[in-house]
Number of protein chains: 2
Amino acid sequence: MIEIDGERLNARLDAFAAIGATASGGVNRQALTEGDRQARRLLADLAWKRGFSVFQDPIANLFIHRAGRDDSLPPVMIGSHLDSQPAGGRFDGALGTLSAFEVLESLDDAGIETERPIVVVAWTNEEGCRFAPGCMGSTAFSAGEIPVGWQEKMTTDGVSFADELKVTIKSLQTAQMLPLGFSVHAYFEVHIEQGPSLEASDIPIGVVVGIQGTRWLEVIVKGQTAHAGTTGLSFRRDPLRALAGSLSSLYETIMPADPDARFTVGRISVDPGSVNAIPDEVYCTIDMRHPNPARLDEIEQLARSSIAGEAARQGCVVAISRSFDMAPCTFAADLQQAIERAAAARGFKSTRMMSGAFHDALFVNRIAPAAMVFVPCRDGLSHNEAEHVKPEHAVAGCQVLAHATLLIATGPGRAGS
Amino acid sequence: MIEIDGERLNARLDAFAAIGATASGGVNRQALTEGDRQARRLLADLAWKRGFSVFQDPIANLFIHRAGRDDSLPPVMIGSHLDSQPAGGRFDGALGTLSAFEVLESLDDAGIETERPIVVVAWTNEEGCRFAPGCMGSTAFSAGEIPVGWQEKMTTDGVSFADELKVTIKSLQTAQMLPLGFSVHAYFEVHIEQGPSLEASDIPIGVVVGIQGTRWLEVIVKGQTAHAGTTGLSFRRDPLRALAGSLSSLYETIMPADPDARFTVGRISVDPGSVNAIPDEVYCTIDMRHPNPARLDEIEQLARSSIAGEAARQGCVVAISRSFDMAPCTFAADLQQAIERAAAARGFKSTRMMSGAFHDALFVNRIAPAAMVFVPCRDGLSHNEAEHVKPEHAVAGCQVLAHATLLIATGPGRAGS
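Nothing here was measured: the structure is a model prediction, and the numbers come from that model.

**Student:** Please explain the pairing of strand β3 (residues 76–81) of chain A as it appears in this structure.
**Tutor:** A regular strand places its side chains on the two faces of the sheet in alternate fashion. Residues and elements named next belong to chain A. In terms of residue burial, β3 counts as a mostly covered element, since six of its six residues are buried. Residues of β3 alternate between two faces, with V76, I78 and S80 on one and M77, G79 and H81 on the opposite face, all of them buried. Where β3 and strand β4 (residues 118–123) come together, six bridges link them in parallel fashion. Its bridge partner being in β4, V76 is matched across the sheet by I118. Relative to strand β6 (residues 186–192), β3 is paired through three bridges, and the arrangement is parallel. For I78, the partnering residue across the bridge sits in β6 and is F188.

Written out as structure tokens, the structure is:
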């Protein structure tokens, strides 16, 4: 049984929240900014003080290594990210990274040896705000290379990824450099749910079974603009009428019929956008998610045929393209079980759940067994300065992480394998 | 019987279309620009050459006066406007103004005396593009004063209405100045339909019985933004779902149930407008029109209650405000009859119809009997460089105008009164 130090963990969350703190209590610590570097240095300093080794790789992923009895074995890796959204919260990423470091310190405090080494990781640029896409660090780690074109990416104010990366790596120059990617025995990541369901069901621990598949569509319905006053119904080719009819029917069918489905229209605009003109063209995006790829296909097909049908009924034409397609991922069953056993051992209720959002664990899962622990956040709010996690939930997540890590790291095989 | 000179009329339309001509065959001759002044000077020069008197008033309405036998009688006024949309057509306004001038010349050519004087008018700023609202000239004329605040209006590039008005009036300084407003016996205006119905039914003359009432609503539906992936249905307060449901039902009920009703959503936007976020807030405009004010009330009530109902169903709140409210107008019955008689006398089919758009005649109708003649335009297109009127339809409209004007101007009473 390992006991983490909840007070220390919550004090650490406060200390890191001070780096890039915003007036409204949130955090602006975007990837590869000075704030991000400061947070990385603080974590590295804490690690050095405890005598852990600190490494980084060519994409500035930061690793803290606590030796195992057999240090040649692939490590159990735990962690998350330290970068934030521009108006982000204190917990998204930081909670998982600092919980992981707390596990390392607690093991050390208790003098517990593990068979395998344990590595804490802070992945680079999970949020993807300054440089898209997100999850750059874990993507490059799992691919073993930095994808072509990333170094040339620029922020909107003209700063290059390559330059920011160089400065960031240099700001931690005493950390030993590792090549990109190494064998990982198992990966755990604690994260806030970023949704409302754990809080609503009053369950402190979510055992994440996988990450939903996501597809984005860009929809253009083209009709014909005409005068709002002079154009009778039979002369109208109104693309907004077509789209409203179709969306209304999709809203009423997709999610109500399937609790695992997600259907969201986040952007809509019309051209020419004049109060007294029938629109010429309507544009919208559709974000569709489902854990089952076959159902995702069905939902996409339903959306396409509904929009095309309504458009034809209104004399309009349609162009629909996919702008993003991420297959669902399923986390390792034995790691899910380890999390469940850990929660039960510590007396926390837990529930299995899908993740609606992407995480670094999705990319690590491509090369090593991975799983995630979710904790509740207030009102489901995230990517928001008001993001909040109750201290006892932060402690619960960390305690479960510590227990599950120990289950997996103590023997040469994985729990249940 | 009076014969207008169709060739002269169509040549005049070409000559005026050359002022502010655009590369695509349209016209950019916005109110109180140099192009507008040039068109006014050309018309005034043509008038002076024929020996007509030219006047203007403090809002730069331009009047051309042909004396009657009893010049003390209130004149019959005919005309329209010379200003255009930025990417406007050759006929919107110009057709009515030049048809009116053609009537004056034809009367003169034929040596026909009328009992009453006849005045051709070119109203200032009908389109309202540089300075809103539209129909400034006819509004001020019918009110007898320039409304408070108009002189201070500015274009988006910082030019004031007062300055542009001053320069415009000065550019025609030999025209005698009249105070704002005078008694008018009757007013006729020829205009393109700006809608598709005359062309579709192959009828060259529309006898306009009135102008629909128009109301504009601004609708805000406020929900709560949340993550598209993590937020299940029961946690969603999606304002776009609410609005799409309501609009879809309004589109399917209001216009299909009532051929006189118009229902148009010309603008829609969402905040924050992120592909993977449920919108926080949706904004749209609604343009509603009907000839019957009681039905307009019902349509507004229907829209309000449908939106409020769907919003409540989605846990959203609604704010709806009226941004514009123009009561329907009914044109003078005897002037409508005069137009019908004129069309019949010249062998043109005619049909009674409402105008879906506003016109200067609506404002003149507040102080004097008014009526309008519509002619077909290709595909119902207007406010568009491709706007087109067949030469024979231009001639037909002008011929009917001449005939109706003569019916009303020859005696001291109005036809049928």
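**Student:** Please clarify how the interface of chain B and chain A should be interpreted in this entry.
**Tutor:** One frequently used descriptor of interface size is the decrease in accessible area upon assembly of the parts. Across the contact, 51 residues belong to chain B and 51 residues belong to chain A. Together chain B and chain A conceal approximately 4,300 Å² of surface at their shared face, both sides included; 62% is due to carbon and sulfur atoms. On the chain B side of the contact with chain A, B:T230, B:Y251 and B:V275 bury the most area, a combined 14% of that side's loss. For the pair chain B and chain A, the interface holds four salt bridges. A salt bridge links A:E252 to B:R313; its shortest N-O distance comes to 3.2 Å. Run the count over chain B and chain A and you get 18 residue pairs in polar contact (both at pLDDT 80 or more). Those elements giving two or more residues to the side of chain B that touches chain A turn out to be α6 (197–201), α7 (239–257), β10 (262–264), β11 (268–271), β12 (277–278) and β13 (281–290) of chain B.

**Student:** Explanation requested: the UniProt feature "binding site: Zn(2+) 1" (unreviewed entry) in chain A in the structure shown.
**Tutor:** Residues and elements named next belong to chain A. According to UniProt, the "binding site: Zn(2+) 1" (unreviewed entry) feature falls on H81, D92 and H191. A stretch of 111 residues holds the annotated residues, and the largest C-alpha distance among them is 9.7 Å, short enough that they meet in one place. Among the secondary structure elements, H81 is positioned in strand β3. A relative accessible area of 0% means that H81 is categorised as buried. Ignoring sequence-local partners within four residues, the contact set of H81 consists of D92, G93, A94, T97, W123, E126, E127, H191 and D360. In terms of polar contacts, H81 uses its side chain to reach the side chain of D92, at 3.3 Å.

**Student:** Sorry, what's going on with the side chain of B:D280 here?
**Tutor:** Residue and element names in this part refer to chain B. Looking at where D280 falls in the secondary structure, it is placed in the loop between β12 and β13. By relative accessible area, which is 19% here, D280 ends up buried. Of note is the side chain of D280, whose polar atom sits 2.8 Å from the backbone nitrogen of T225. Excluding its chain neighbours within four sequence positions, the residues that come into contact with D280 are V221, K222, G223, Q224, T225, P239, D271 and P272.

**Student:** Explain the domain arrangement of chain A to me, please; I cannot follow it from the model alone.
**Tutor:** Residue and element names in this part refer to chain A. Taken domain by domain, chain A comprises domain 1 (6–210 + 328–409) and domain 2 (213–326). One C-alpha centre belongs to domain 1, the other to domain 2; they are set 37 Å apart. Taken together, the contacts link eight residues of domain 1 with nine residues of domain 2. In this assembly, domain 1 packs against domain 2 so that about 620 Å² is buried in total across both faces, 77% of it on carbon and sulfur atoms. Contact with domain 2 buries surface across domain 1, with P328, M354 and F358 losing the most and accounting together for 75% of the total. Connecting domain 1 to domain 2 are zero salt bridges. Along the contact surface separating domain 1 from domain 2 lie one residue pair in polar contact (both at pLDDT 80 or more). Along the lines of polarity and charge, the residues of the side of domain 1 that touches domain 2 split into six nonpolar, one polar and one charged.

**Student:** Help me understand the UniProt feature "binding site: Zn(2+) 2" (unreviewed entry) in chain A, please; the structure alone is not making it clear to me.
**Tutor:** All names here are of chain A. Per the UniProt annotation, the sites labelled "binding site: Zn(2+) 2" (unreviewed entry) are D92, E127 and H383. Their sequence span is 292 residues, while the largest C-alpha to C-alpha distance among them is just 9.6 Å; these annotated residues converge on one region. Mapped onto the fold, E127 is located in the loop between β4 and α4 (136–143). Classification of E127 as buried rests on a relative accessible area of 12%. Leaving out residues up to four positions away in the same chain, E127 has contacts with H81, D83, S84, Q85, D92, G134 and H383. Inspection of the secondary structure assignment puts H383 in the loop between β17 (370–375) and α11 (391–409). For H383, a relative accessible area of 35% corresponds to the partly exposed category. Ignoring sequence-local partners within four residues, the contact set of H383 consists of Q85, A87, D92, E127 and Q194.

Criteria and thresholds
Residues numbered from 1 in each chain as written. Chains lettered and ligands numbered in written order. Predicted model: local features only at pLDDT ≥ 70, side-chain atom pairs only at ≥ 80, totals over all residues. Heavy atoms only, no water. Buried < 20%, exposed > 50% of the residue type's maximum accessible area, 1.4 Å probe, protein only. Helix = DSSP H or I, 4+ residues; strand = E, 2+ residues; numbered from the N terminus. Pairing = 2+ DSSP bridges. Contact = heavy atoms within 4.5 Å. Buried area = accessible area lost by both parts, 1.4 Å probe. Salt bridge = Lys/Arg side-chain N within 4 Å of Asp/Glu carboxyl O. Polar contact = N/O pair within 3.5 Å; in protein donor to acceptor, adjacent residues only side chain to side chain. UniProt positions renumbered as here; feature names shortened; annotations may be inferred. Domains from an automatic or database assignment. Nonpolar A, V, L, I, M, F, W, Y, C, P; charged D, E, K, R; others polar.

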